[in-house]
Number of protein chains: 2
Amino acid sequence: MAVVLLTDMDEAREARWRDVLARALPEETIVAGAGVDTAGLEPAAFDVAIAANPPAAALARFPALGFVQSLWAGVEQLVHNPALPPDAPLARLVDPNMARFMAEAVTAHVTSLHRDHPHYARAQAEERWAPAPAVYARDRTVGFLGTGELARACLRQLAGLDFPLLGWSRSRRDLDGVETFAGDEGLTAMLARTDILVNLMPLTAETRGMIDARLLGRLKPGAALVNVARGGHVVDADLLAALDEGQLGEAVLDVFDEEPLPAGHPFWRHPRVHVFPHVAAPTEPESAARIAAANIRAFRTGGAIAGLVDRARGY
Amino acid sequence: MAVVLLTDMDEAREARWRDVLARALPEETIVAGAGVDTAGLEPAAFDVAIAANPPAAALARFPALGFVQSLWAGVEQLVHNPALPPDAPLARLVDPNMARFMAEAVTAHVTSLHRDHPHYARAQAEERWAPAPAVYARDRTVGFLGTGELARACLRQLAGLDFPLLGWSRSRRDLDGVETFAGDEGLTAMLARTDILVNLMPLTAETRGMIDARLLGRLKPGAALVNVARGGHVVDADLLAALDEGQLGEAVLDVFDEEPLPAGHPFWRHPRVHVFPHVAAPTEPESAARIAAANIRAFRTGGAIAGLVDRARGY
């Protein structure tokens, strides 16, 4: 049996990924989707797919898939792909290297918001010497939406920096050094105390559009938002309105509904929106390939697959 | 005997400081310099001065000073004040609260440089979606000029964030988790490995102008500088030249030769200079007053004074 790599990438990038995966899995035949017709194998010869948001038609060609490994941590597109075989296990990428990157990005965002970097950049643009009162980290509360692997990596790092930490998730989770919340009442309680809100939720039917006027209106006035999860969590117009009313002080956005962020989008020019081009936690090909390889070996030998997706839950 | 507060502040600010100090030292008579003539006390009645860069003429009026406590951590002006009584102990302010502020400011500067915030701000200004390759903190070396209290507070915090840490000082000092250097050869060795250079040296005759073309030229090409010590350490023209040649990638400057930074200074408009209005580690009046009070009580009772200045060394 063989492994097919199915992506929405251009052919050259897909071929580079295939080569990295082939080095991590020398015992397998790995064929890139673009090369399937010339590989001399029947579609039924492939029992594993490594998937990076492939179109449904590409996935539907392979009738014998027994396991699908995502190359990305977020599977909100893949899990709703109508061609996904209903009974095959699906795994998302759970990569401690990605969690390191995420923790470092979120630490940079939280600490630079904490020390008013956006204010000082605006003052410099006007050649204004404008010292603002400093606040200790111990008086600046950071609230997380989501308490999964990536959020926990961030929380561990921020705990060493003195910030009081709060975390909200669908089902409440006990975390060392973090006050945790669940449910709508819990969300209200957390937001009312949050100075800097970090979004690291999975994107599901329930969380899509959740960062809207109502949620932003429950934050401490002047709080900041850091979105490093998915653009689909945010209602853009509500975010802009909250900024313009002063309810939201700053928005650091690493992810957008449409990426690259289209020319002319108001986020580009808003003085309190800080645009990052989806760089918080890049997938490292070598590291991702090692993790995909371990999971494929586990599938072959009946071992434990890491990052199995609960399809009903969506992540 | 009484305590005189001598500053270069305007009368209102000096009076606020006097009140904070009086609350911390209720057993002492504390007179602000501006009020000495109406206080009904002879100049010889004052045996302690609390000093915040007073003019020499103000200090010279008090013939009986036995102890001088600085309100600031940096004493480069006070130590060279010709009216400073030659035999009286001089203490600078050593305040753990100030060290917290400094550690938080330096963490924000180092992590936001590490994650390329200046690059992304410039890209946003041009509406450019321009992801840059990410680097782990473990591959980004931070070098410190100076290993005193403030530097050590920063180093402790950065150690938890995975950065390899180097530290240079006049005499080499052993520090946990930091590779330390001294002397000119040590400086060359450290600079050659430094991606982000943080200046926290005292300003002395030896360190004035030390961050010049020669020093910057020994850094790793494209390295960044964070100056949170004194503007006098930096030769401004050399810094600008190093930026324009690309030898220096970014400069985060919290301190300047003249403060506020004068209108029209090229730092305001340089795209790779990030101006902060001397806000890294503000003195907190309550905290500073507690520390000054403890030192004055130690002076009165023959106890140990914290932060004694070695006048020959200059700090």
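Residues numbered from 1 in each chain as written. Chains lettered and ligands numbered in written order. Predicted model: local features only at pLDDT ≥ 70, side-chain atom pairs only at ≥ 80, totals over all residues. Heavy atoms only, no water.

Caption draft 1: How the structure looks around the interface of chain A and chain B. Listed per partner, the contact involves 51 residues of chain A and 50 residues of chain B. Carbon and sulfur atoms supply 59% of the area that chain A and chain B bury against each other, a total of about 4200 Å² over both sides. Counting the surface chain A buries against chain B, the share from its top three residues, Trp129, Tyr136 and Trp268 of chain A, is 20%. Here chain A is connected to chain B by four salt bridges. Elements with a contribution of two residues or more to the side of chain A that touches chain B: helix H3 (96–114), helix H4 (117–125), helix H9 (266–269) and strand E12 (273–275) of chain A. Ranked by residues supplied to the side of chain A that touches chain B, first place goes to H3 of chain A with 11 residues. Classifying every residue of the side of chain A that touches chain B gives 28 nonpolar, 13 polar and 10 charged. (Contact = heavy atoms within 4.5 Å. Buried area = accessible area lost by both parts, 1.4 Å probe. Salt bridge = Lys/Arg side-chain N within 4 Å of Asp/Glu carboxyl O. Helix = DSSP H or I, 4+ residues; strand = E, 2+ residues; numbered from the N terminus. Nonpolar A, V, L, I, M, F, W, Y, C, P; charged D, E, K, R; others polar.)

Caption draft 2: Region of the structure containing empty space enclosed by the protein. Taken as a whole and assessed by the stated rule, the structure comprises six cavities of 30 Å³ or more. What lines the largest cavity is a set of 16 residues, among which Arg115, Asp116, Tyr120 and Ala134 of chain A together with Val279 of chain B lie closest to the centre. Contributions of two or more residues to the lining of the largest cavity are made by H4 of chain A together with helix H3 (96–114) of chain B. Partitioning the lining of the largest cavity into residue classes produces nine nonpolar, three polar and four charged. Lining the second largest cavity are Ala105, His109, Phe276, Val279 and Ala280 of chain A together with Arg115, Asp116, His117, Tyr120, Ala132, Pro133 and Ala134 of chain B. Looking at the lining of the second largest cavity, the elements that each hand over two or more residues are H3 of chain A together with helix H4 (117–125) of chain B. The class makeup of the residues in the lining of the second largest cavity is eight nonpolar, two polar and two charged. (1 Å grid on protein atoms, 1.4 Å probe; cavity = no way out; pocket = protein on both sides within 12 Å on 5 of 7 lines; lining within 4 Å. Points joined across faces, edges and corners; volume = space filled by probe spheres on them.)

Caption draft 3: Seen up close, the pattern of salt bridges. This model, assessed by the stated rule, comprises 38 salt bridges over all chains. Across the salt bridge formed by aspartate 47 of chain B and arginine 300 of chain B, the nearest N and O atoms sit 2.7 Å from each other. Within this pair, whereas aspartate 47 of chain B is found in strand E3 (residues 46–52), its partner arginine 300 of chain B is found in helix H10 (residues 285–301), the two being separated by 253 residues in sequence. You can call aspartate 47 of chain B buried: its relative accessible area is 9%. Each member of the salt-bridge network shares a partner with another, and the members are Glu28, Asp47 and Arg300 of chain A. (Buried < 20%, exposed > 50% of the residue type's maximum accessible area, 1.4 Å probe, protein only.)

Caption draft 4: A look at the relation of the copies chain A and chain B. Its rotation angle being 180 degrees, the transformation that places chain A on chain B also includes 0.0 Å of axial translation and leaves an RMSD of 0.1 Å. Such a combination of turn and shift is consistent with a two-fold rotation axis. Take the interface residues of chain A: 98% of them recur as interface residues in chain B, which is what a same-surface contact looks like. (Least-squares fit on C-alpha atoms with pLDDT ≥ 70 in both.)

Caption draft 5: Inspection of the packing of aromatic side chains at higher detail. Residue and element names in this part refer to chain A. Under the defined criterion, the tally for this structure stands at 14 aromatic pairs over all chains. Measuring from centroid to centroid gives 5.9 Å for tryptophan 17 and tryptophan 72, while their planes differ by 80 degrees, and the two rings are edge-to-face. With a gap of 55 residues between them, tryptophan 17 in helix H1 (residues 11–24) and tryptophan 72 in the loop between strand E4 (67–70) and strand E5 (90–91) connect regions that are remote in the sequence. Accessibility classification places tryptophan 17 together with tryptophan 72 in one group, the buried group. (Phe/Tyr/Trp six-rings, centres within 6.5 Å; stacked < 30°, edge-to-face > 60°.)

Caption draft 6: Inspection of the packing of H3 of chain B against helix H5 (residues 149–159) of chain B at higher detail. Residue and element names in this part refer to chain B. Here H3 crosses H5 at 50 degrees, and the two axes come no closer than 8 Å. As judged from the angle between their axes, H3 and H5 are oblique. Considering how the two elements wind past one another, H3 and H5 form a crossing that is right-handed. Counting all contacts with H3, which are made through Met98, Ala99, Arg100, Met102, Ala103, Glu104, Val106, Thr107 and Val110, the residues of H5 involved are Leu150, Ala153, Cys154, Gln157 and Leu158. (Axes fitted to C-alpha atoms, helices over the stretch in contact; angles between N-to-C directions. Parallel < 35°, antiparallel > 145°, perpendicular 65-115°, else oblique. Left-handed = near helix turned anticlockwise from the far one by under 90°.)

Caption draft 7: Highlighting H4 of chain A. Looking only at H4 of chain A, the buried set comprises His117, Pro118, Tyr120, Ala123 and Gln124 of chain A. Here the buried face of H4 of chain A lies against H3, strand E11 (248–253) and E12 of chain A together with H3, helix H9 (266–269) and strand E12 (273–275) of chain B.

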